[in-house]
Amino acid sequence: MKTLLLSLLITFGLAFQAQAEEALSVTPEETWKMTQEQGDEILFIDVRDPVEIMFIGFTDAVDANIPFKLVDRARFSEEKAKFAMDTNPDFVADVDKALEAKGLDRDALIITMCRSGSSRGKPSAEYLLERGFTNVKYIDHGFQGSSAKEGKMKGLRVVNGWQNSGLPWSMDINPDKIYRP
């Protein structure tokens, strides 16, 4: 009986943990709806490096661009063929300032968005949760979405994400919302 009870508790705990992780993600369409219906009650932030936004596009639906990771152009990895990206030391303070500007606190819903959802969107949401913010989600598949696996568009980011969901975006950047160190 004790073994059965312990097994059930472990199973429930694992299921709850998986459910909690899953609960962090929202779709671009859900985010758009929330910004339209309760925009004053949430903080929607684009966590991409501003140079990336300049080349990929921007949605004015975000409240602010607050990069989670900043590109260090002085450190290039030959092995990975990429520049280093370091956590923005001002990320939490800048999120706090953006919340304060909207009259919100750390219990307000915060939604983060990066290019794909996985490399900075989800990690930035988890980072904020670890630092005392209580209601943080990220956009699944981010701004640009996923790459097509086959067909004429194979390898291009034309599947899901904000850009491919018919939601408003532009190559024009709102100067009032873009991050400037």
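Because the structure is a prediction, the values reported are computed rather than measured. (Residues numbered from 1 in each chain as written. Predicted model: local features only at pLDDT ≥ 70, side-chain atom pairs only at ≥ 80, totals over all residues. Heavy atoms only, no water.)

Before going further, it helps to spend a moment on the nonpolar core. For soluble globular proteins, the rule of thumb is that nonpolar side chains tend to be buried together. Grouped together as the largest cluster of nonpolar side chains are 22 residues, with contacts concentrated most on Ile45, Phe91, Val95, Leu99, Ile110, Leu128 and Phe133. If you list the elements that add at least two residues to this core, you get β2 (42–46), α4 (91–101), α5 (121–130) and β7 (136–139). With five residues, the single largest contributor to this core is α4. When near neighbours in sequence (up to four residues on either side) are disregarded, isoleucine 110 contacts Leu43, Ile45, Val95, Leu99, Leu128, Phe133, Asn135, Val136 and Lys137. (Core = buried A, V, L, I, M, F, W, Y, C linked by side-chain atoms within 4.5 Å. Buried < 20%, exposed > 50% of the residue type's maximum accessible area, 1.4 Å probe, protein only. Helix = DSSP H or I, 4+ residues; strand = E, 2+ residues; numbered from the N terminus. Contact = heavy atoms within 4.5 Å.)

Our next topic: the confidence of the model for the protein. Overall, the predicted model of the protein reaches an average pLDDT of 87, with 86% of residues at or above 70. Low pLDDT, under 50, characterises residues 4–23; the stretch is placed with two contacts to residues that sit more than four places away or in other chains. (pLDDT = per-residue confidence, 0-100.)

Here we come to the pairing of β7. As paired elements, strand β1 (residues 25–26) and β7 share two bridges and run parallel to each other. Counterpart to valine 26 in the pairing with β7 is isoleucine 139. Strand direction decides the pairing type here: strand β6 (residues 109–113) and β7, joined by three bridges, are parallel. Within the sheet, the bridge partner assigned to threonine 112 lies in β7 and is tyrosine 138. (Pairing = 2+ DSSP bridges.)

Residue placement: aspartate 46 occurs in strand β2. When its relative accessible area of 0% is taken as the criterion, aspartate 46 is described as buried. Of the polar contacts made by the side chain of aspartate 46, one reaches the side chain of arginine 48; its length is 2.7 Å. Dropping the residues within four chain positions of it, aspartate 46 is found in contact with Ile53, Val62, Ala64, Asn65, Ile66, Pro67 and Met113. (Polar contact = N/O pair within 3.5 Å; in protein donor to acceptor, adjacent residues only side chain to side chain.)

Turning to the environment of proline 123, a few remarks are in order. Along the chain, proline 123 falls in helix α5. Each C-alpha atom of the pair proline 123 and tyrosine 138 lies 8.8 Å from the other, and the pair is 15 residues apart in sequence.

Leaving glycine out, the prevailing phi sign among residues is negative, and the prevailing peptide bond configuration is trans. At alanine 81, a residue that is not glycine, the phi angle is positive and equals roughly 55 degrees. Relative to the elements of secondary structure, alanine 81 occurs in the loop between β4 (69–77) and β5 (82–87). Positive phi, close to 70 degrees, is recorded for histidine 141, a residue that is not glycine. Its place among the elements puts histidine 141 in the loop between β7 and β8 (146–147).

Here we take up the environment of methionine 171. Within the fold, methionine 171 resides in the segment after β9 (157–159). Relative accessible area serves as the criterion here: at 41%, methionine 171 is assigned to the partly exposed category. Sequence separation between methionine 171 and isoleucine 56 is 115 residues; the distance between their C-alpha atoms is 7.0 Å. Beyond its immediate sequence surroundings of up to four residues, methionine 171 is in contact with Met54, Phe55, Ile56 and Gly57.

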